[in-house]
Amino acid sequence: MGSAQGAAWPSLYAATSPHVPSGSFIGPAGRDQTSDTPKPAKLPTGADDPVEGGRLWAASEQLTGVSFDL
């Protein structure tokens, strides 16, 4: 839907901006959150599900071969 730089922009903004409150979800400000300047956005339904988060974490570790014990 855009360049790699454009796709990385919201993550970089969230990680480096002193104006982003902890726990915020940052996404593109454009129509349907597909482009434009990053801004706080609504968290997609189910994105905070701890069971799904655990599955995603486990799959990420398996696919990358990197584990991280919390």
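Scroll up to find the structure this text is about.
Remember, predicted model here, so these are calculated numbers, not experimental data. (Residues numbered from 1 in each chain as written. Predicted model: local features only at pLDDT ≥ 70, side-chain atom pairs only at ≥ 80, totals over all residues. Heavy atoms only, no water.)

**Student:** Tell me about the overall build of the chain, and name the residues and values.
**Tutor:** Each helix and strand counted, the chain has two helices and two strands in total. Its C-alpha atoms give the chain principal-axis dimensions of about 35 × 25 × 25 Å. Taking all 70 residues of the chain together, 13% fall into the buried category. At a minimum sequence separation of 6, the contacts of the chain that also span at least 24 residues come to 14%. For the chain, the exposed surface amounts to about 5800 Å²; the carbon and sulfur share of it is 58%. (Helix = DSSP H or I, 4+ residues; strand = E, 2+ residues; numbered from the N terminus. Buried < 20%, exposed > 50% of the residue type's maximum accessible area, 1.4 Å probe, protein only. Contact = heavy atoms within 4.5 Å. Areas by Shrake-Rupley, 256 points an atom, 1.4 Å probe, with all protein chains shown as cover.)

**Student:** Give me the lowdown on the pattern of salt bridges, citing residues and values where you can.
**Tutor:** Inspection of the entire model under this criterion finds one salt bridge. With a shortest N-O distance of 2.8 Å, Glu 52 and Arg 55 are connected by a salt bridge. Within this pair, Glu 52 and its partner Arg 55 are both found in helix H2 (residues 50-64), separated by three residues, close to a single helical turn. The class for Glu 52 is partly exposed, based on a relative accessible area of 39%. (Salt bridge = Lys/Arg side-chain N within 4 Å of Asp/Glu carboxyl O.)

Purely geometric stuff here, so don't read any function into it on its own.
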